[in-house]
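Letter by letter, the chains look like this.
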Amino acid sequence: MMIQRCGIEEISNCGGTISERVPSNSRKEDNYDALIAGALNQLSINERENVYNEMHGVDDLIEESPEMVQRSIVELHAELERVKGTHRVGLAYNMAEAMSGDYVHDHVLRMKFLRSERFDVKKSAERLVRFFNAKMQLFGQEKLCKDITLQDLDKDDIEFLKSGHMQILPTRDSAGRVVVMVLLLQGLKEIRARVFFYLMMMVIEDEETQKRGLTSIGYSVGRFDIKTFDLRSLKVPILLYDSLPTKTCVIHLCFNDPGFRYFINFFVQLFSDDARARHKFHCGTHIECLYLLMAFGFPVGFVPLTAEGEIKTKVHWDFLKMRQRQESMVGVPRIVVPTLTDVLFGRGKPFQEHPGNVVLHGMIDEKLDHYKSVSVKQKSACIMEMVDALRRTGARFLRQDDFGCWVPADAKMAREKVSHAFRTRIKKEKNDKRRFQK
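Residues numbered from 1 in each chain as written. Predicted model: local features only at pLDDT ≥ 70, side-chain atom pairs only at ≥ 80, totals over all residues. Heavy atoms only, no water.

Talk me through the pattern of salt bridges; I want residue IDs and the actual numbers.
Counted according to the given criterion, the structure contains 35 salt bridges. Here R177 makes a salt bridge to D173, at a shortest N to O gap of 3.1 Å. Overall, D173 belongs to the buried group, its relative accessible area being 2%. One network of salt bridges, in which partners are shared, links E54, R118, K247, D274 and R278. (Salt bridge = Lys/Arg side-chain N within 4 Å of Asp/Glu carboxyl O. Buried < 20%, exposed > 50% of the residue type's maximum accessible area, 1.4 Å probe, protein only.)

Encoded structure:
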């Protein structure tokens, strides 16, 4: 009996590793590649090209002119007015609109949905209607018109969140996308739908993430006992995929148990053609999977796993504390994950190697001779010019407050950051010269 024809309850009654659970005759045939090929064939040539470019991080961002944005907002409103009365799951949307028109018509909220569908108005309207339906099912009518926070999660949700089985990495991939990791490892009993909803809505608060999208990774390199896991909960990310205003560019599935490939065959069929075409399969050891992910620009140095396969939680817990602090502050920009162009305050290798800091140090090297040869007043002008030049590229100077929250540094602190970089570079040059003379 092929695994993809089994019911969820039937599969979950089998224990042990996935290879032990999958019948040997079902392993002779693998239709995963056929599913991906079939999904690609259902897409147009332009859609296939767009999927390929987004998966490899070489897609072009849509230029959002004020005229185009305004036109899209007007067309989205008209489309929603057209479908809200007849849509099969439109009740929640209509209830939310009656409760708070300001929330439902909010410009920022609607831009998230337009960006998630590359400004396809009909698809954006469809996703927005499904969003309110999913939100009501998960959190109830009373929370339809409010942003979900940590306080809206129950005890079981918080326990799952703290376990670290689902984490937002503290840095982006080489394409500037936020990375979401789901660790399908020993001890995981289910995927909590409300936590998945909460984390996904959190990462797209950032406009850069709305535009560039995110990378999703399911990681199961290690023992994963199916008998203790509720397989029905795997439907959660699949169902929410077409409801949340997130643009998932690629879905990597990493595993070391060959049976996992056949197990996924069952669930991948539940995705839409576009989502199914974005899957990449990686089978191998921990090191082999990391090398495969590196080819897609994945920041392997930040994988929250020890060499023994244990989940690291310290950075994740610090992240949750930061988030709790952010949600308590009013009127302060919430920066979840800095962008690649941002210049970060801090010491140590992770800060020095952050792309925005690397750009700053490149500018320092370029202007060092000029900086050393001019007066103090001209030095100040040089520093201000560099700060302005970086900010024109979209870079922000970010520092961490006492709670670990990323907050924008003021102009004075930004200038001091550049000045300190010059002093450090000059000191290093002198030390290198002394060592050479010896």
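So what's going on with the side chain of K84? Which residues, and what values?
Of note, K84 is situated in the loop between α5 (66-83) and α6 (91-99). For K84, the side chain forms a polar contact with the side chain of E81, separated by 3.1 Å. (Helix = DSSP H or I, 4+ residues; strand = E, 2+ residues; numbered from the N terminus. Polar contact = N/O pair within 3.5 Å; in protein donor to acceptor, adjacent residues only side chain to side chain.)

Break down the sheet that holds strand β6 (residues 343-344) for me, citing the residues and quoting the values.
Spatially, three strands are ordered β6-β7-β8 in an open sheet, and the strand pairing comes out mixed. In the strand order of this sheet, the two ends are held by β6 and β8 (406-408), each with one partner. Sheet analysis places β6 next to strand β7 (residues 397-400), joined by two bridges and oriented parallel. Note on β7: the bridge partner recorded for V343 is F397. (Pairing = 2+ DSSP bridges.)

Kindly report on the environment of P66, identifying the contributing residues and their values.
Within the secondary structure, P66 is located in helix α5. The class of P66 is exposed, set by a relative accessible area of 63%.

Before we move on, could you go through the sheet that holds strand β3 (residues 214-220) and cite the residues and values that matter?
If you trace the five strands from one edge of the open sheet to the other, you get β1-β2-β3-β4-β5, paired in mixed fashion. Here the strands that pair on one side only, and so sit at the sheet edges, are β1 (166-168) and β5 (279-283). Ignoring strand direction, the axes of neighbouring strands in this sheet form an average angle of 15°. Two strands pair when backbone bridges link them, and strand β4 (residues 248-255) and β5 are joined in this way by five bridges, in the parallel orientation. Within the sheet, the bridge partner assigned to F255 lies in β5 and is C283. (Axes fitted to C-alpha atoms, helices over the stretch in contact; angles between N-to-C directions.)

Any details on the nonpolar core? Residues and values, ideally.
Residues F132 and L199 are the most contacted members of the largest nonpolar core, which totals 85 residues. Considering each element in turn, this core owes the most residues, ten residues, to helix α11 (residues 193-203). When near neighbours in sequence (up to four residues on either side) are disregarded, L199 contacts L161, M166 and I168. With 20 residues, the next largest nonpolar core counts F345, I383, V387 and A409 among its residues. (Core = buried A, V, L, I, M, F, W, Y, C linked by side-chain atoms within 4.5 Å. Contact = heavy atoms within 4.5 Å.)

Quick one: what's the story with helix α21 (residues 411-437), residue by residue and with numbers?
Over its 27 residues, α21 extends 40 Å from the first C-alpha to the last, a length consistent with the 39 Å expected when each residue adds 1.5 Å. Residues of α21 that are buried: A414, K417, V418, S419, A421, F422 and I426. Turning to α21, the residues buried within the fold contact β6, α19 (355-373), α20 (376-392) and β7. Of the residues flanking the start of α21, the one acting as N-cap is D410, its side-chain oxygen 3.2 Å from the backbone nitrogen of K412. (Expected span 1.5 Å × (residues − 1).)

Tell me about the pairing of β7, and name the residues and values.
Pairing of β7 with β8 involves three bridges; the strand directions are antiparallel. Bridging across to β8, Q400 finds its partner in W406. In this antiparallel pair of consecutive strands, β7 and β8, the connection spans five residues, and G404 shows a positive phi of 85°.

Explain the packing of α6 against helix α9 (residues 121-139) to me, and be specific about the residues and the numbers.
How two helices pack is summed up by the angle between their axes together with the distance between the axes. Between α6 and α9, whose axes approach to 7 Å, the crossing angle comes to 85°. With respect to α9, the element α6 is oriented roughly perpendicular. Contact with α6, carried on its side by A92, Y93, M95 and A96, involves L128, V129, F132, N133 and M136 of α9 and no other residues of that element. Looking at side-chain class alone, the contact of α6 with α9 contains eight nonpolar, one polar and no charged residues. (Parallel < 35°, antiparallel > 145°, perpendicular 65-115°, else oblique. Nonpolar A, V, L, I, M, F, W, Y, C, P; charged D, E, K, R; others polar.)

A description of the state of the cysteines should follow, citing residues and the corresponding values.
By definition, a disulfide is the covalent link that joins the sulfur atoms of two cysteine residues. Under the definition given, this model contains zero disulfides. Between C283, a free cysteine, and C289, which holds the nearest cysteine sulfur, the sulfur-to-sulfur gap is 7.0 Å. Classification of C283 by relative accessible area gives partly exposed; the value is 43%. (Disulfide = S-S within 2.5 Å.)

Can you lay out the packing of aromatic side chains for me, pointing to particular residues and giving the numbers?
The geometry of an aromatic ring pair is captured by two quantities: the separation of the ring centres and the angle between the planes. Enumeration over the complete set of coordinates arrives at ten aromatic pairs. Ring centres of Y241 and F271 lie 5.8 Å apart, and the angle between their planes is 90°; this geometry places the pair in the edge-to-face category. Pair noted here: Y241 is in helix α13 (residues 235-241) and F271 is in the loop between α14 (259-268) and α15 (273-277), with a separation of 30 residues, a long-range link. Residue Y241 is classed as buried on the basis of its relative accessible area, which comes to 12%. Assessed through its relative accessible area of 13%, F271 is described here as buried. Ring geometry for Y371 versus F422: centroids 3.8 Å apart, planes at 0°, classification stacked. Remark: F422 occurs in helix α21 and Y371 occurs in helix α19; sequence separation between them is 51 residues. For the pair Y371 and F422, one class covers both residues: buried. By the ring-pair criterion, three or more aromatic residues cluster together here, those being Y93, Y103, F113, F131, F132, F139 and F197. The ring of F345 has K417 sitting right over it, with the charged end atom 5.4 Å from the ring centre. (Phe/Tyr/Trp six-rings, centres within 6.5 Å; stacked < 30°, edge-to-face > 60°. Lys NZ or Arg CZ within 6 Å of the ring centre and 35° of its normal.)

If you had to explain the packing of α5 against α9 to someone new, which residues and values would you point to?
With their axes 9 Å apart at the nearest point, α5 and α9 run at an angle of 55° to one another. Between α5 and α9, the angle is such that the two are oblique. Helix-helix and strand crossings are classified by hand; for α5 and α9 the assignment is right-handed. Packed against α5, whose contacting residues are S72, E75, L76, E79, L80 and V83, the element α9 presents V121, K122, S124, A125, L128 and V129 at the interface. Among the residues forming the contact of α5 with α9, the class breakdown is seven nonpolar, two polar and three charged. (Left-handed = near helix turned anticlockwise from the far one by under 90°.)

Remember that the coordinates give geometry; whether it matters functionally is a separate question.
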